[in-house]
Amino acid sequence: MNYSQTIDFLFNSLTSFQQVGADAYKPGLDRITEFCRRLGNPQRNFYSIHVAGTNGKGSVSHILASVLQQAGYRVGLFTSPHLKDFRERIRVDGEMISKQKVVNFVDKNFDSMQQLGLSFFEMTAAMAFDYFDQSDVEVAVIETGLGGRLDATNIIIPLLSIVTNIGLDHTDLLGDTLQQIASEKAGIIKKSVPLLLGESSDQYDAVFEQRAAEVKSRVIYAQQLFRCLSHCVEGDLQCMKIERINDGHQYDLKIDLLGDYQYNNVITASAAVHYLHSSTPLTISRRAFVEGLELAARTTNLAGRWQILSRSPLVVCDTGHNAHGLRLVCDKLCRMASDFTRQICVVGFVREKNIDEILPLLPKQAYYIFTQANVSRALPADELSQKAAEAGLIGEVVPTVEGALVKAREMAVSTDMIFVGGSNFVVAEVL
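No experiment lies behind these values; they were computed from the predicted model shown.

Undergrad: I'm lost on the overall build of the protein chain in this one. Help?
TA: Looking only at helices and strands, the protein chain has 17 helices and 17 strands in total. Radius of gyration (C-alpha) of the protein chain: 21 Å, near the 22 Å computed for a compact globule of 431 residues. The principal-axis extents of the C-alpha atoms in the protein chain amount to approximately 55 × 55 × 40 Å. Relative to its full complement of 431 residues, the protein chain shows a buried share of 60%. Counted over contacts in the protein chain with a minimum sequence separation of 6, partners at least 24 positions apart contribute 72%. On the protein chain, roughly 17,200 Å² of surface is accessible, and the fraction owed to carbon and sulfur atoms is 45%. In the protein chain, the 41 positive side-chain charges and the 49 negative ones have mean positions that sit 4 Å from each other.

What follows is the structure, given as structure tokens:
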């Protein structure tokens, strides 16, 4: 098979959550465990850091990979979903896996993948582990796909486990309370491997504490180690002053991630770097920490996080797609409203999201162009428009993302702002 045929096989023959949603979810570790055994257990041949959470796990993973790369390590990065190219999921030192490596892996392991009935995500995780091993990766940052306890990535034994935060998302699969979702994500805690909790809460801290005690581990709270004193945007960089709480040491940081909600992710990543440097075989200098943050998006090619697509008018996209993440995005939009003549929002969602919970978060003063991505999971734009009208949002329907963005640009003047979001798929189409 060539690369195009290989990708068609992966998406059409193996169930993909990105394509079909919950029907692709195959809980359990037996299949991935056996497949990796046949590969020679490549996941055991490098250090790893395991990152889970409702929101922010992608940003934290990319920041950590950038910092580790600046520290001189050969770094693997496994994330999901991808926006434009399947190969975005698997990177070494910021570079995507080659097309030929994807083809070779599938050709070599085709029979085993079909025999074991692997899901798309299980196959992708195993491909990443194998590629990292072949590439002499020293440390890999591994992001979970969904949940944690039964996620295919949960066969690794990391130096550190991280949960960024807990919010209500994928409730049909993970549970419909914060405690139930926290319990699933707490499943990544391994014996004697600490868990770093990015954002603590009285609603779920006890869940992590209990699980950690059961496996003789401990919970480290990022917010007890670092705090953000200030943050602002200067040009294409966000400036932050953070403080290490135990000794009052302050860092003046510049990061190339502009969403001001990123301060939570920077605190989480800072606490992770502090632990990795002080308590593991890894050595991370202050220079590597500062420069890794400043170059995080550039080094790892992170896209879709409050990404500026153009100016005059300002066009921004963001992949926040659940109530927990969209609340932060919408808060920023509301704070920015007075800076522009009008805000025009191009939005679309997938069917399984709780749209009745999301719509009240969207800024009432904006004008909306309701659309739908070209995937089967997309919520029809007409249905979205009807629900939005009931929530007091004003706008119109343009059924394609491309057409919606063209319409927004035609409507906008130089002093307007255009926002694109609601779904990874919508953002992927504009990128």
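Undergrad: Would you take a moment to explain the packing of aromatic side chains for this structure?
TA: The geometry of two aromatic rings is summed up by the distance between their centres and the angle between their planes. Tallying each qualifying case throughout the model produces 11 aromatic pairs. Where Phe 226 meets Tyr 251, the ring centres are 6.5 Å apart and the plane angle is 45°; that geometry is what we call tilted. With Phe 226 in strand β9 (residues 226-234) and Tyr 251 in strand β11 (residues 249-255), this pair connects stretches of sequence that are 25 residues apart. In this pair, the class of Phe 226 matches that of Tyr 251, namely buried. With a centroid separation of 5.3 Å and 85° between ring planes, the pair formed by Tyr 251 and Phe 289 is classed as edge-to-face. Taken together, the residues span a long stretch of sequence, with Tyr 251 in strand β11 and Phe 289 in helix α11 (residues 286-294) at a distance of 38 residues. Here Tyr 251 matches Phe 289 in class, with each residue buried. These aromatic residues form a ring-pair network of at least three members: Phe 11, Phe 86 and Phe 120.

Undergrad: Help me understand the pairing of strand β6 (residues 160-163) in this model?
TA: Moving residue by residue along a regular strand, the side chains alternate between the two faces of the sheet. Side chains Leu 160 and Ile 162 project from β6 onto one buried face, and the interleaved Ser 161 and Val 163 project onto a second face that is buried too. As paired elements, strand β1 (residues 47-52) and β6 share 4 bridges and run parallel to each other. Across the sheet, His 50 pairs through a bridge with Ser 161, a residue of β6. In terms of strand pairing, β6 meets strand β7 (residues 195-197) through 3 bridges, oriented parallel. Bridge pairing in β7 places Ser 161 opposite Leu 195.

Undergrad: Help me understand the sheet that holds β11 in this model?
TA: In a beta sheet, neighbouring strands are held together by backbone hydrogen bonds and run either parallel or antiparallel to one another. A sheet is described by the order of its strands in space; here 3 strands give the open sequence β9-β10-β11, paired in antiparallel fashion. Single-partner strands in this sheet number two, and they are β9 and β11. Each neighbouring strand pair of the sheet contributes to a mean axis angle of 15°, computed without reference to strand direction. Where β9 meets strand β10 (residues 237-244), 8 bridges bridge the pair, whose relative direction is antiparallel. By the bridge assignment for β10, Arg 227 is matched with Glu 243. Helix-sheet contacts for α11 involve β10 and β11, and the interaxial angle to β11 is about 35°.

Undergrad: Quick question: what am I supposed to make of the packing of helix α4 (residues 57-70) against α11 here?
TA: For any two helices packed against each other, one specifies the crossing angle of their axes together with the interaxial distance. Look at α4 against α11: their axes get within 8 Å of each other, and the N-to-C directions meet at 135°. Considering the angle they form, α4 stands oblique to α11. As α4 packs across α11, the resulting crossing turns out to be right-handed. Contacts between α4 and α11 pair Ile 63, Ser 66, Val 67 and Gln 70 from the former with Arg 287, Ala 288, Phe 289, Glu 291, Gly 292 and Leu 293 from the latter.

Undergrad: Looking at this model, I keep getting lost on the pairing of β11. Mind explaining?
TA: Pairing of β10 with β11 involves 7 bridges; the strand directions are antiparallel. From the neighbouring strand, Arg 244 faces β11, where its bridge partner is His 249.

Undergrad: Any chance you could explain the confidence of the model for the protein chain here in plain terms?
TA: The predicted coordinates should not be examined in detail at positions where pLDDT is low. Counting all residues, the mean pLDDT for the protein chain is 91, and 94% of those residues have values of 70 or more. pLDDT under 50 marks residues 16-24. Its contacts with residues more than four places away, or in other chains, come to 25 contacts.

Undergrad: Is there a simple way to think about the nonpolar core in this case?
TA: Across soluble globular proteins, nonpolar side chains show a tendency to be buried alongside one another. Counting residues in hydrophobic clusters, the biggest one holds 43 residues, and the most contacted among them are Ile 49, Leu 64, Leu 68 and Leu 253. Excluding anything up to four places from it in sequence, Leu 64 contacts Ile 49, Val 141, Ile 162, Ala 269, Ala 272 and Val 273. Of all hydrophobic cores here, the second largest spans 38 residues; its members include Ile 7, Val 102, Met 123 and Ile 156.

Undergrad: Explanation requested: the side chain of Thr 299 in the structure shown.
TA: Inspection of the secondary structure puts Thr 299 in helix α12 (residues 296-300). On the basis of relative accessibility, which here comes to 15%, the residue Thr 299 falls in the buried class.

Undergrad: How should I be thinking about the environment of Val 92 in this particular structure?
TA: Positionally, Val 92 belongs in strand β3 (residues 90-92). The class of Val 92 is buried, set by a relative accessible area of 5%. Residue contacts for Val 92: discarding those within four places in its chain leaves Arg 74, Val 75, Gly 76, Tyr 131, Phe 132, Ser 135 and Val 137.

Reading guide: rules and limits
Residues numbered from 1 in each chain as written. Predicted model: local features only at pLDDT ≥ 70, side-chain atom pairs only at ≥ 80, totals over all residues. Heavy atoms only, no water. Helix = DSSP H or I, 4+ residues; strand = E, 2+ residues; numbered from the N terminus. Rg over C-alpha atoms; globule rule 2.2 N^0.38 Å. Buried < 20%, exposed > 50% of the residue type's maximum accessible area, 1.4 Å probe, protein only. Contact = heavy atoms within 4.5 Å. Areas by Shrake-Rupley, 256 points an atom, 1.4 Å probe, with all protein chains shown as cover. Lys, Arg positive; Asp, Glu negative; His and termini not counted. Charge placed at Lys NZ, Arg CZ, Asp CG, Glu CD. Phe/Tyr/Trp six-rings, centres within 6.5 Å; stacked < 30°, edge-to-face > 60°. Pairing = 2+ DSSP bridges. Axes fitted to C-alpha atoms, helices over the stretch in contact; angles between N-to-C directions. Parallel < 35°, antiparallel > 145°, perpendicular 65-115°, else oblique. Left-handed = near helix turned anticlockwise from the far one by under 90°. pLDDT = per-residue confidence, 0-100. Core = buried A, V, L, I, M, F, W, Y, C linked by side-chain atoms within 4.5 Å.

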